[in-house]
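# Summary of structural features
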Amino acid sequence: MNKKPLVLLLPFLCFSCAESKQSEESAEQAKAQAIQLRLASQSEGNVRTLSYQIYPVTSSQKVDLQLLFADGSDVSSCLTAVAEESTRTVTLTCQKAFSKEAKLTLYSSLDHRVQATASINYTKKLLGISSSASSWRTELTNGSSFPESEPEKKAKEFYSPEFSEYSKVSNPSEEVVMKVEKDIIAPFKNGKYSKYGNIDQSSTTLRDCPVGAPLLSYFSNLYKSFSKEEKKAVNAFGRWGLYRYYKVTMSYNGASYEKAMLHVISFSVNALPGYDPTV
């Protein structure tokens, strides 16, 4: 029995197909001799379409199907297959991810010795990002330090990829790519609302400064510029500072997911140089 392997890799299913035919010549021209099974061009979502052709073309194109896991166990909760004689196609529908190889066998209904097979795998997919935490806090002092690599280090500590079940990795050398980008900044005012204490979104000191002294100096100068009424409102915060937000993106095999990460940088208002407790 001769076999001609065909390997097809898809976003969520991987097929390895082989056609089989009888070694002996048929005395009747219309008797099935071989089946060719190929991936059709159309595919959508969790559905894949295979086309087949029984040779010679004058043979009956009616087929029987068998779809099981490679170990012989039932696959119907994960995969279904339906043959359509008029279009000579087999439609595979994936119900959910699976972790072991499946096998589709296509037989000529008139002669089960004439068959073609396809090995079907579910490839590894990124489903999302799990998190153990999403923020960290720093007490702002003159000696506080915010290394450039700190957000990336925190993102790796907080977040991990969530994968589907799978029976095959489409690209063994591919790894999850994590990207951490600076996002917005916002004032930290201990949960109290006030029109005072807002910060400048365009300030590179607030957004990028890697050490604490310039940040404290920024807030101290801002505080000193306030009127007594404004200082009284800020004193009521108890704590002041800023939020630095980051966007964390994980990408793998064509899929990407995002999470927000937050760095809270705060201090006691009464620790500010120029703090006025009398207002």
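This is a predicted model, so every value here is computed, not measured.

Conventions we followed
- Residues numbered from 1 in each chain as written.
- Predicted model: local features only at pLDDT ≥ 70, side-chain atom pairs only at ≥ 80, totals over all residues.
- Heavy atoms only, no water.
- Pairing = 2+ DSSP bridges.
- Helix = DSSP H or I, 4+ residues; strand = E, 2+ residues; numbered from the N terminus.
- Axes fitted to C-alpha atoms, helices over the stretch in contact; angles between N-to-C directions.
- Buried < 20%, exposed > 50% of the residue type's maximum accessible area, 1.4 Å probe, protein only.
- Arc of directions from axis to C-beta.
- Contact = heavy atoms within 4.5 Å.
- Core = buried A, V, L, I, M, F, W, Y, C linked by side-chain atoms within 4.5 Å.
- pLDDT = per-residue confidence, 0-100.

Attention now goes to the sheet that holds strand β13 (residues 177-188). What the four strands build is an open sheet, ordered β11-β15-β14-β13; its pairing is mixed. Here the strands that pair on one side only, and so sit at the sheet edges, are β11 (135-139) and β13. In this sheet, adjacent strand axes meet at a mean angle of 20° when their direction is disregarded. By the bridge criterion, 10 bridges tie β13 to strand β14 (residues 239-252) in an arrangement that is antiparallel. Among the inter-strand pairings, Lys179 is bridged to a residue of β14, identified as Thr249.

In the case of a regular strand, side chains alternate between the two sheet surfaces. Burial of β14 is extensive: 10 of the 14 residues sit out of reach of the surface. Note that β14 and strand β15 (residues 255-268) share 14 bridges and pair antiparallel. When the bridges of β15 are listed, Tyr243 appears paired with Val264. The antiparallel hairpin formed by β14 and β15 contains two residues in its connecting segment, where Asn253 sits at a positive phi of about 50°.

What follows concerns the environment of Pro56. Within the secondary structure, Pro56 is located in the loop between β4 (47-55) and β5 (63-69). Put simply, Pro56 and Lys31 are 25 residues apart on the chain and 7.4 Å apart in space, counted from C-alpha to C-alpha.

Buried within helix α1 (residues 150-158) are the following residues: Glu150, Pro151, Lys154, Ala155 and Phe158. Looking straight down α1, one finds its buried side chains confined to an arc of 135°; they lie on one side. Residues of α1 that are exposed and point over 90 degrees away from its buried face: Lys153 and Lys156. Contacts made by the buried residues of α1 are with β10 (126-131), β11, β12 (159-163), β13, β14 and β15.

Moving on: the nonpolar core. Within the largest apolar cluster, 25 residues are counted, with the highest numbers of intra-cluster contacts made by Tyr52, Leu79, Phe98 and Ile120. Broken down by secondary-structure element, the contributors of at least two residues to this core are β3 (34-44), β4, β5, β7 (89-94), β8 (102-108) and β9 (111-122). In terms of residue count, the dominant contributor to this core is β9 (five residues). Judged by nonpolar contacts, the second largest core, of 20 residues, contains Leu140, Phe146, Cys209 and Ile265.

The next subject is the confidence of the model for the protein chain. Predicted confidence across the protein chain gives a mean pLDDT of 87, with 85% of residues reaching 70 or more. Segment residues 1-11: pLDDT under 50, and 33 contacts once partners within four positions in sequence are set aside and those in other chains are kept. For the stretch residues 22-29, pLDDT sits under 50, and the model shows 12 contacts to residues farther than four places along the chain or on other chains.

The residue after Tyr55, namely Pro56, is reached through a cis peptide bond having omega -5°. Look at Arg88: it is not a glycine, yet its phi comes out positive at around 50°. Within the fold, Arg88 resides in the loop between β6 (79-84) and β7. The backbone of Asn253 sits at a positive phi, close to 50°, despite the residue not being glycine. The residue Asn253 is located in the loop between β14 and β15 in this model.

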